[in-house]
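# Descriptive analysis of the structure
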Amino acid sequence: MSALCYLGVDLGGTNCRLGLVSAEGELLTLRTLITDLGGGVDAFVATLGHELQQVAALARAKGLLLRAGGIGVPGVIGDEGRIVFIPNLPLLKGVALAAELEAFSGCPLLSLNDANAIALGEGRFGAARQFASSLTVTLGTGVGGGLLLAGELWRGPDGTAGEIGHFAVEADGRLCGCGARGCLERYASATGIVESALEAVRAGDATVLMAAGLTCDAVALAARQGDAVAVKAFRTAGQRLGQVLAGVVNLLNLEALVFTGGVSTSFDLLQPSLDGELQQRLFALPRARLQIRTGKLGDSAGILGAAWHASVSIPAC
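## Regarding the overall build of the chain
Of the regular secondary structure elements, the chain holds ten helices and twelve strands. Its C-alpha atoms give the chain a radius of gyration of 20 Å, within 12% of the compact-globule value 20 Å for 317 residues. In terms of principal-axis extent, the alpha carbons of the chain reach across some 60 × 45 × 35 Å. The 317 residues of the chain split such that 54% are buried. Sequence-distant contacts, at least 24 apart, represent 62% of the contacts inside the chain between residues at least 6 apart. Carbon together with sulfur atoms contributes 51% to the accessible area of the chain, which is approximately 13,900 Å² in total. Here the chain contributes 23 positive and 28 negative side-chain charges, whose respective centroids are spaced 4 Å apart.

## What to know about the pairing of strand S4 (residues 64-73)
Burial runs high along S4: nine of the ten residues are buried. Bridging between strand S1 (residues 3-11) and S4 involves eight bridges; their strand directions are parallel. Bridge pairing links Tyr6 to Ala68 in S4. With five bridges joining them, S4 and strand S7 (residues 109-113) adopt parallel strand pairing. When the bridges of S7 are listed, Gly72 appears paired with Leu112.

## Considering the sheet that holds strand S12 (residues 291-294)
Reading across from one edge, S10-S9-S8-S11-S12 is the order of the five strands in this open sheet, with mixed pairing throughout. A single partner strand is all that each edge strand has here, and the edge strands are strand S10 (152-153) and S12. In terms of strand pairing, strand S8 (residues 134-139) meets strand S11 (residues 256-260) through five bridges, oriented parallel. Pairing of Thr136 across the sheet is with Val258, part of S11. The sheet strands contacting helix H7 (residues 228-252) are S8, strand S9 (143-149) and S11, and the helix crosses S8 at an angle near 160°.

## Digging into the pattern of salt bridges
With the rule as written, the count across this model stands at nine salt bridges. Residues Arg186 and Glu195 are paired through a salt bridge, measuring 2.4 Å at the closest nitrogen-oxygen approach. In this structure Arg186 comes out as buried when scored by relative accessible area, which is 15%. It is possible to trace a salt-bridge network through shared partners that takes in Arg174, Arg186, Glu195 and Glu199.

## A look at the environment of Ser300
Mapping Ser300 onto the fold places it in the loop between S12 and helix H10 (301-313). In sequence terms Ser300 and Gly121 are 179 residues apart; their C-alpha atoms lie 8.0 Å from each other.

## Examining the pairing of S8
Taken across its six residues, S8 has six buried, putting it largely inside the fold. Side-chain alternation along S8 places Ser134, Thr136 and Thr138 on one buried face and Leu135, Val137 and Leu139 on a second face that is also buried. Inspection of the sheet shows S8 paired to S9 by six bridges, in the antiparallel sense. Across the sheet, the residue bridging to Thr136 is Gly146, located in S9. Taking the residues that link successive antiparallel strands as the turn, the S8-S9 hairpin has three residues.

## Quick notes on the nonpolar core
Ranked by size, the top nonpolar core spans 46 residues in total, and within it Phe234, Leu241 and Leu245 carry the most contacts. Every element with two or more residues in this core is listed here: S8, S9, helix H4 (185-188), helix H5 (190-202), helix H6 (216-224), H7, S11 and helix H8 (267-281). Top element by residues in this core is H7. It accounts for eleven residues. With residues near it in sequence (within four places) discarded, Phe234 still touches Ile193, Cys216, Val219, Ala220, Ala223, Val263, Ser266, Leu269, Leu270 and Ser273.

## Things to note about unusual backbone geometry
Of note in the backbone geometry, Ala150 takes a positive phi value of approximately 50° without being a glycine. By secondary structure assignment, the location of Ala150 is in the loop between S9 and S10. Overall, the relative accessible area of 69% leaves Ala150 in the exposed class. Positive phi, normally seen in glycine, also occurs at Asn253, with a value near 55°. Tracing the backbone through its elements, the reader meets Asn253 in the loop between H7 and S11. Taking the relative accessible area as the measure of exposure, Asn253 reaches 42% and is therefore partly exposed.

## Some points on the packing of aromatic side chains
The geometry of an aromatic ring pair is captured by the separation of the ring centres together with the interplanar angle, meaning the angle of the planes. In the structure shown here, the tally under the stated rule is one aromatic pair. The lysine or arginine in question, Arg240, covers the ring of Tyr187, its NZ or CZ lying 5.7 Å from the ring centre.

About the thresholds
Residues numbered from 1 in each chain as written. Predicted model: local features only at pLDDT ≥ 70, side-chain atom pairs only at ≥ 80, totals over all residues. Heavy atoms only, no water. Helix = DSSP H or I, 4+ residues; strand = E, 2+ residues; numbered from the N terminus. Rg over C-alpha atoms; globule rule 2.2 N^0.38 Å. Buried < 20%, exposed > 50% of the residue type's maximum accessible area, 1.4 Å probe, protein only. Contact = heavy atoms within 4.5 Å. Areas by Shrake-Rupley, 256 points an atom, 1.4 Å probe, with all protein chains shown as cover. Lys, Arg positive; Asp, Glu negative; His and termini not counted. Charge placed at Lys NZ, Arg CZ, Asp CG, Glu CD. Pairing = 2+ DSSP bridges. Axes fitted to C-alpha atoms, helices over the stretch in contact; angles between N-to-C directions. Salt bridge = Lys/Arg side-chain N within 4 Å of Asp/Glu carboxyl O. Core = buried A, V, L, I, M, F, W, Y, C linked by side-chain atoms within 4.5 Å. Phe/Tyr/Trp six-rings, centres within 6.5 Å; stacked < 30°, edge-to-face > 60°. Lys NZ or Arg CZ within 6 Å of the ring centre and 35° of its normal.

This is the structure in structure tokens:
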């Protein structure tokens, strides 16, 4: 009998990563493409479907049986697998992405929130493995969260649990893709950090940064060189994160916070202000227990978590 393997897809606002995962949680292959919806939904599905075909062909070439797959999506998944809320990729709202892609992959697929997939990856194989309760925070194009309680993913009845990116941190703040103002992700994501820096640049503050083509990596580099505007952008991100996460930890008495995503590579720049808020706002006992970690699995976390979720959620044929 052929050994089983699983498909994992991590659909991000900027990049999409997919891979073949063994039954033991080993990433066997990795493919990456740009998340480009400029040509419309059908064109994007066809492009992603072609990549899935390539991965399925590789499984066959290795003599493996592709059993099932999971797709981590940066939004909320509703009935029949349709995406009901996806602020950073709004063209995909209403699309049953897993169903659209099954014909390409040749195996059953399911969708789940991308932060939940990452939390499952880190919880089963990575930085949160030793903790029964944790919140994995994804800091990328947006801000997401995946919540593990008593070792199990907690989604809530509507699948929206863990969505910390849309906590309000400024009552009349920046307009968010969700339609509200002042959401955490408008300040603590890569996009938000760039926006904080751009506001200062346009106000004429002294800085080495230029408005044209500014990226979060450029802001991070300037912060490491002591640029005041860049340092403040990361300090703001850390403060806003701390304000929200202190409330979440106090509410749920979590054991660990795990930070993942592109911004987590610059976590040292926002951690001092984050720690300051947590020290000020946390109850004494949760503060003493709480562990702060960065993810161990990097870009593989969402792929591994989505594949693992499929392996335990899709019944055997």
